[in-house]
Amino acid sequence: ARSAAIFCEGLLLEAVQEARIFPDSKTFVDMPMLDDPEVILKAFSQLHPSEFKDAVALRKFVEKWFGKPGDEFEPWEIPDLKLAPPQLMQIRRPEMREWALAINKVWSTLGIKHKREVHDFQHRYSALPRSNGMIVPGGRFREMYYWDTYWVVRGLLVCDMIDSARGIVEDLANMVMEFGFIPNGGRIYYLDRSQPPMLTAMVQEIYKTTCDKQWLAKMLPSLQQEYSFWMSSQGGRLVEMPRLGGCRERQYLNIYRSVRETPRPESYVEDVETAKEAQGLGRAPMDVYRALASGAESGWDFTTRWLEDGTGRVEQGTAKLATIDTCHVIPVDLNSILYYVEKTLAFFHSELNADNVAAFNKYETAAKQRALTMHSWLWVGTSYRDYRLDIGMHSTIEALSDYAAPLWAGLTGPEGFNPEVLINSLKRSGLLALCGATTTAVDSGGRTQWDAPNAWPPLNLMLVEGLDRIPGTEALGDCLCETWLRNNFITWQRTGFMHEKYDSFEPGRFGAGGEYEPQVGFGWSNGTALALLVRETRVKTEESVPWGDVQVMQTPARIGNLPRPASRGLMIRSPSNGQLKQQHMQRQVSPTWIAA
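Residues numbered from 1 in each chain as written. Predicted model: local features only at pLDDT ≥ 70, side-chain atom pairs only at ≥ 80, totals over all residues. Heavy atoms only, no water.

Asker: What should I look at first to understand the packing of aromatic side chains in this one?
Answerer: By convention here, two paired aromatic rings are described through the distance between centres and the angle between planes. Enumeration over the complete set of coordinates arrives at 34 aromatic pairs. Seen from their ring centres, tryptophan 484 and tyrosine 502 are 5.5 Å apart, and the 80 degrees between their planes marks the pair as edge-to-face. Residue tryptophan 484 is located in helix H21 (residues 474-495), and its partner tyrosine 502 is located in strand S12 (residues 502-503); the two are separated by 18 residues in the primary sequence. Taken individually, tryptophan 484 and tyrosine 502 each receive the classification buried, so the pair is uniform in this respect. A cation sits over an aromatic face here: arginine 124 above phenylalanine 121, 5.3 Å from the ring centre. (Phe/Tyr/Trp six-rings, centres within 6.5 Å; stacked < 30°, edge-to-face > 60°. Helix = DSSP H or I, 4+ residues; strand = E, 2+ residues; numbered from the N terminus. Buried < 20%, exposed > 50% of the residue type's maximum accessible area, 1.4 Å probe, protein only. Lys NZ or Arg CZ within 6 Å of the ring centre and 35° of its normal.)

Below you can see the structure in the form of structure tokens.
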């Protein structure tokens, strides 16, 4: 695409970003051009060489040739927006009902659509044109983001906005047919990577609501195409594992792996600085850039899950981002989601054509084989855990993704295993904090935002709904739901906003850390809260739901104004790092990389 010469590579991008004329690297690459890229590049080439590093001269150049970020959008008058959606009106507690109705009104502030010019002059924009309106996360995230959209769709369906949800999902399906996959977000500079493959889950949620088989049949080719993208031998996201336990079938698992080998345009300065630091550790910049972009593909940008320096600083939350090595981690959550995709595609084929046994068997067999492989490589006796290909061992980082994603996908351990073992491991993991399930057991102090103390809406909804699948978890699921809603509500009362992430230790405090300032809006936070607000409690009592034998993660200096729930019962610890090393000494063998 012609706009890539401005927004994805080249001397102009390098000069503007390295001059730091904007505090946020994303600002420049979101600015529409006021003329064709060839004209702008010619004008740039005519600058005096000294002006290439002159911030004042570069700012004047940008102001002359570029518009303001976001100028390509206009408000979307959402046609099926309702002031009093029926499900929200049935919420019994008045204060919660009023809060839900207020969140519902936020959709109109997050709803945007592309101006006609974006379609007519696509070469002047970094935006990828979309036919329908969209709901964006909010703040600096002024375009569509792939996996965010699942939780947005959940919220829209609660608010009876079925047509809007369909249109948004159809645009994503069209991207699959156009690009072969869904990019990280709706910008040309995101075409080097995808995000967790949640499109099939979006279609499933709409199908559960509408039972529209004609629409499902329309969506199915895109879902199969996206699955093929992740399972392709050409993209480097598929890893063949050594066969264990006499398994005859070839065993595959998936990783995140971007094709990018240069700084991310939207985080250019940050990536260059990280690569320079990594060079001091003996790493090639190209490898670091790929690892950073792959971390962004995971949606967890960034987390100690992707870091490794062999010194113990990762577990302490003090490791440097320069040690990131995302492509050598087999993530529990990605493979759980793909297991869900395989099971759901099998279901869709049975729904549309029960006689098509071959299609059903293809995906059902793939799901069964993935589960077996996950339990060979990602199961540590009482829970799931990421596997590190670089050191031939399980990760030492305990993360909420070890529990939330498998439970949501319907995985509870090896076949015949009692799910209670996994639930007990969750209770004693230390991940269940006072104000929501925290992201990992590592408090990075804000160095990496996908770690404690931050708690993220998607993971908390996945966890609650995963628990809802399992008998005997009624009290725990209700308690986590109530805890999450209470923290969101207190923060709403204090700030007037829904936030991208929340503090898991202190009520009323939003999350912090990462590459950018905390954002408000916020698409997936709204969708998560609405879905939980209309969830039916499983324990039928008017009293507060007890925590039971839960080890609560807390930082004593930051408890806030809520008491610590009592912890009762013996605590069965998760395997120690030493136990993990001993258990998997025999597995230090090299998997086969499927292309690169």
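Structure shown, so let's carry the discussion forward.
Asker: Looking at this structure, I do not really get the sheet that holds strand S7 (residues 387-388). What am I missing?
Answerer: Hydrogen bonding along the main chain pairs the strands of a sheet, whether they run parallel or antiparallel. Pairing within the open sheet is antiparallel, and its 3 strands lie in the order S6-S7-S8. Looking at which strands have only one partner, the edges of the open sheet turn out to be strand S6 (329-330) and strand S8 (393-394). Here S7 runs beside S8; their pairing, made up of 2 bridges, is antiparallel. Across the sheet, tyrosine 387 pairs through a bridge with histidine 394, a residue of S8. (Pairing = 2+ DSSP bridges.)

Asker: For this particular structure, what's the right way to read the nonpolar core?
Answerer: Grouped burial of nonpolar side chains is what soluble globular proteins tend to show. Ranked by size, the top nonpolar core spans 167 residues in total, and within it Phe28, Phe66, Trp99, Met198 and Leu463 carry the most contacts. Ranked by the residues each element gives to this core, the list is headed by helix H16 (residues 332-352), at 10 residues. With near-sequence residues (within four places) excluded, leucine 463 lies in contact with Leu400, Ala404, Leu407, Leu426, Leu432, Ala437 and Leu480. (Core = buried A, V, L, I, M, F, W, Y, C linked by side-chain atoms within 4.5 Å. Contact = heavy atoms within 4.5 Å.)

Asker: I keep staring at the side chain of threonine 274 and nothing clicks. Help me out?
Answerer: Considering the arrangement of structural elements, one finds threonine 274 in helix H13 (residues 268-279). Of note is the side chain of threonine 274, whose polar atom sits 3.0 Å from the backbone oxygen of glutamate 270. Each residue touching threonine 274, except ones within four places of it in the same chain, is listed here: Val288, Leu292, Leu321 and Ala322. (Polar contact = N/O pair within 3.5 Å; in protein donor to acceptor, adjacent residues only side chain to side chain.)

Asker: Just checking my understanding: could you explain empty space enclosed by the protein for this structure?
Answerer: Over the atoms, a rolled probe matching the size of one water molecule traces out where space is still vacant. Summed over all chains, the structure comprises 4 cavities of 30 Å³ or more. As for the second largest cavity, its lining consists of Trp147, Pro196, Tyr256, Ser298, Trp300, Asp333, Ile337, Ala405, Leu459 and Met462. For the lining of the second largest cavity, the secondary-structure elements that each account for two or more residues are H16 and helix H20 (457-467). Its residues placed into classes, the lining of the second largest cavity shows 8 nonpolar, 1 polar and 1 charged. (1 Å grid on protein atoms, 1.4 Å probe; cavity = no way out; pocket = protein on both sides within 12 Å on 5 of 7 lines; lining within 4 Å. Points joined across faces, edges and corners; volume = space filled by probe spheres on them. Nonpolar A, V, L, I, M, F, W, Y, C, P; charged D, E, K, R; others polar.)

Asker: Whenever I open this one, the layout of surface pockets confuses me. Can you help?
Answerer: As a volume, the second largest pocket reaches approximately 510 Å³. Taken together, 21 residues line the second largest pocket, and the ones lying closest to its centre are Tyr150, Arg154, Glu205, Lys208 and Tyr340. Of all elements in the fold, only helix H9 (148-158), helix H11 (199-210), H16 and helix H18 (404-409) reach the threshold of two or more residues within the lining of the second largest pocket.

Asker: I'm lost on helix H7 (residues 94-110) in this one. Help?
Answerer: Think of an α-helix as 3.6 residues a turn; residues three or four steps apart then line up on the same face. Given a rise of 1.5 Å per residue, 17 residues ought to cover 24 Å, and the 25 Å separating the end C-alpha atoms of H7 matches this to within 8%. All of the buried residues in H7 are Met96, Trp99, Ala100, Leu101, Ile103, Asn104, Val106, Trp107 and Leu110. Buried residues in H7 make contact with helix H6 (86-89), strand S2 (111-114), strand S3 (134-135), H9, H21 and helix H22 (523-533). (Expected span 1.5 Å × (residues − 1).)

Asker: Would you mind showing me how to read the sheet that holds S2 here?
Answerer: On the basis of which strands lie adjacent, the open sheet formed by 3 strands has the order S1-S2-S3 and antiparallel pairing. What marks the edges here is a single partner per strand, and that holds for strand S1 (73-75) and S3. As judged from the 2 bridges shared by S2 and S3, these two strands associate in the antiparallel manner. Bridge pairing in S3 places glycine 111 opposite isoleucine 135. Packing against the sheet, H7 makes contact with S2 and S3, and its axis sits at approximately 20 degrees to S2. (Axes fitted to C-alpha atoms, helices over the stretch in contact; angles between N-to-C directions.)

Asker: Where do I start with the environment of proline 457 in this structure?
Answerer: For proline 457, the position within the fold is in helix H20. Overall, the relative accessible area of 0% leaves proline 457 in the buried class. As for proline 457 and tryptophan 151, which are separated by 306 residues in sequence, their C-alpha atoms are 8.8 Å apart. What proline 457 contacts, discounting residues up to four positions off in sequence, is Trp484, Glu500, Lys501, Trp524, Ser525 and Thr528.

Asker: What exactly am I supposed to notice about the pairing of S2 here?
Answerer: Within a regular beta strand, the side chains point alternately toward one face of the sheet and then the other, so they alternate between its two faces. Where S1 lies against S2, 3 bridges are found, and the strand directions are antiparallel. For glutamate 74, the partnering residue across the bridge sits in S2 and is lysine 113.

Asker: Honestly, the pattern of salt bridges in this entry has me stumped. Any pointers?
Answerer: If charged atoms from side chains of opposite charge come close, those side chains can pair. A complete count under the given rule lists 44 salt bridges for this structure. Between glutamate 170 and lysine 218 there is a salt bridge, with the nearest N and O atoms lying 3.7 Å from each other. Placement of glutamate 170 in helix H10 (residues 162-179) and of lysine 218 in helix H12 (residues 213-231) is noted, with a sequence separation of 48 residues between them. Each of Lys26, Asp30, Glu72, Arg142, Glu143 and Arg187 takes part in a single network of salt bridges with overlapping partners. (Salt bridge = Lys/Arg side-chain N within 4 Å of Asp/Glu carboxyl O.)

Asker: Looking at this structure, I do not really get the packing of H9 against H10. What am I missing?
Answerer: The description of two helices packed together rests on the angle between their axes and the distance between the axes. One way to put it is that H9 packs onto H10 with a least axis distance of 8 Å and a crossing angle of 160 degrees. As summarised for this structure, H9 and H10 are arranged roughly antiparallel, according to the angle between their axes. The crossing of H9 and H10 is left-handed. Two secondary-structure elements touch here, H9 through Thr149, Val153, Leu156 and Leu157 and H10 through Ile162, Ser164, Ala165, Ile168, Val169 and Leu172. (Parallel < 35°, antiparallel > 145°, perpendicular 65-115°, else oblique. Left-handed = near helix turned anticlockwise from the far one by under 90°.)

Asker: How should I be thinking about the side chain of arginine 370 in this particular structure?
Answerer: Relative to the helices and strands, arginine 370 resides in helix H17 (residues 357-377). For arginine 370, the contacting residues outside a window of four places in its chain are Tyr227, Met231, Leu253, Asn254, Asn335, Leu338, Tyr339 and Glu342.

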